[in-house]
Amino acid sequence: MKIVVDYDLCESNAICMDIAPEVFEVRDDDFLYVLNETPSEDMRPKMDEAVQRCPKQAISIKE
Amino acid sequence: MTTLVYNPYSFSTHDDPYETYRRLREEAPAYWNDELEFWVLSRFDDVLEGFRDFATLTSTKGIALEQRGLSAERSFRQMIEMDPPEHTAYRKLVSRVFTGRRVAAMEDEIRTIIDGYIDRFVSEGSCDLVADLTGPFPMDVICAVLGIPAEDRAALRSHSDKLLIREDGIMEIPQAALDGMFGMLEYFIEDLGRRKSGSGEGLISDLLELEVDGRSLNEEELLGFCLLFVIAGHETTTKMVANSVELLSRHPEQRDALSDDPTLVPGAVEEVLRFHNSTQYMHRALTRDVERHGQQMGEGQSVLLLIGAANHDHREFGETAEQFNILRRPERHLAFGYGAHFCLGAALARMEGKVALEQIHSRMPHYEVDHEAKVRFHSSNVTGWTSLPISFATAR
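Computed from a predicted structure; not experimentally measured.

A. Here's a closer look at the overall build of chain B. Along chain B, the regular secondary structure elements total 17 helices and 14 strands. The principal-axis extents of the C-alpha atoms in chain B amount to approximately 60 × 60 × 40 Å. For chain B, buried positions account for 59% of its 396 residues. Taking contacts inside chain B between residues at least 6 apart in sequence as the whole, the part at least 24 apart equals 72%. As displayed, chain B offers around 15,800 Å² of accessible surface, 50% of which is attributable to carbon and sulfur atoms.

Okay, structure coming up:
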């Protein structure tokens, strides 16, 4: 599983960081950084939640 | 059983919309109003999908029912009435103005503004919450961001209040609302002129430096941003805080819990947004024929995405969906919309709501609302109070 962020859509709402701070980090420059682009399979429920709850639909999962 | 009628201009609907909303969700999930010619989607999944699918449900015909088709005649252009990819280009210009970090940096300033208003009446033990606090303070906050001088804010607020006014059961925009619109346009045409000749600060002056498609923003685009920021930044937040107090006064055990434990406040803000959101619906228009719940919906027809109903849907929020509970902590709701047009000011609105409720519950605990004297604000898609007299025992 590979995490893909569309940075044209991302507005740093940081919902994803609340769900999985080990994968998503919004830093002081107001940009989102993906700390681990290929999280392990046991992270999938959290990644699915991040995809679903991002209000800008900026996150997707590439298998 | 009475015939199911939903008219967003009906004053009796404004008084208690939720039974009508429940019937819409259960009896007519794709409801057609034949008199005013619009569809309503009211279930959570349908409203969310409606916001997501901008290719089918366009924003370009206006976001309130009575605005449909008017945008072509206007002297300003707003990104809230555009679809991607055009919308994306404008949104990117301002998408990082209200990030969580920037809003967090404004918390102290917001608290100072709110305390300044509370200081003026707290010793009296009573106030009109709208006139004395929730009306003026969000305008101060958004004007501080935009760089609008303090002496101009009261006039701007009076224009802004007027332009959402609607009459009972009637869709046509009343003269008072048009006057508000013209008053505000006139102010910003002059203001932009002053700023172009070098005076001024804040977000509006920043906009003058921005480019879209390799050129500066023109006057109709600049006016669009100014109007959008003032109206969206002021009206919905004003309504949200007064709605919170009115609602909490009818749930005194939850009101007192907030005074005892301020850490419950962010959850209370979220529950007010879900349970009684100041924005009740958004208007879209169909770009193609679709079928929903067995109904044939035609290209060009109006669709209301009924946020207020979706946020009470038991399919999403379970059997207690119709109950107000500040401890609920919903995972998601549609108060700020979803997708391309997700409220740009969501973080700011949450911060203003949090600080206002913290200060109200610490400085005026155990307040009571005069429910006989309160006056409802009547609009098409915004719900709130024109006057909300409250009294409180403690003066601190």
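So much for the structure itself; the text now carries on.
B. View of the nonpolar core. Residue and element names in this part refer to chain B. Within the largest apolar cluster, 86 residues are counted, with the highest numbers of intra-cluster contacts made by Leu133, Phe188 and Ile390. Sort the elements by how many residues they give to this core and helix 12 (residues 219-249) lands first, with 15 residues. Look past the residues within four positions of phenylalanine 188 in its chain and what remains in contact with it is Ile148, Leu156, Ile204, Leu223, Cys226, Leu227 and Val230.

C. Main features of the side chain of B:Thr56. All names here are of chain B. Residue position: threonine 56 is located in the loop between helix 3 (44-52) and strand 3 (57-58). Polar contacts involving the side chain of threonine 56 include one to the side chain of arginine 288, which spans 3.1 Å. In this structure threonine 56 touches Ala285, Leu286, Thr287, Arg288 and Val290, once residues within four positions along its chain are discounted.

D. Representation of the packing of helix 8 (residues 136-146) of chain B against helix 9 (residues 153-162) of chain B in the model. Residue and element names in this part refer to chain B. Interaxial distance between helix 8 and helix 9 falls to 10 Å at its minimum, and their mutual angle equals 115°. With respect to their mutual orientation, helix 8 and helix 9 come out roughly perpendicular. Of the two possible hands of crossing, helix 8 and helix 9 adopt the one that is right-handed. Touching Pro136, Met139, Asp140, Cys143 and Ala144 of helix 8 are Arg153, Leu156, Arg157 and Ser160, all from helix 9. Looking at side-chain class alone, the contact of helix 8 with helix 9 contains five nonpolar, one polar and three charged residues.

Parameters at a glance
Residues numbered from 1 in each chain as written. Chains lettered and ligands numbered in written order. Predicted model: local features only at pLDDT ≥ 70, side-chain atom pairs only at ≥ 80, totals over all residues. Heavy atoms only, no water. Helix = DSSP H or I, 4+ residues; strand = E, 2+ residues; numbered from the N terminus. Buried < 20%, exposed > 50% of the residue type's maximum accessible area, 1.4 Å probe, protein only. Contact = heavy atoms within 4.5 Å. Areas by Shrake-Rupley, 256 points an atom, 1.4 Å probe, with all protein chains shown as cover. Core = buried A, V, L, I, M, F, W, Y, C linked by side-chain atoms within 4.5 Å. Polar contact = N/O pair within 3.5 Å; in protein donor to acceptor, adjacent residues only side chain to side chain. Axes fitted to C-alpha atoms, helices over the stretch in contact; angles between N-to-C directions. Parallel < 35°, antiparallel > 145°, perpendicular 65-115°, else oblique. Left-handed = near helix turned anticlockwise from the far one by under 90°. Nonpolar A, V, L, I, M, F, W, Y, C, P; charged D, E, K, R; others polar.

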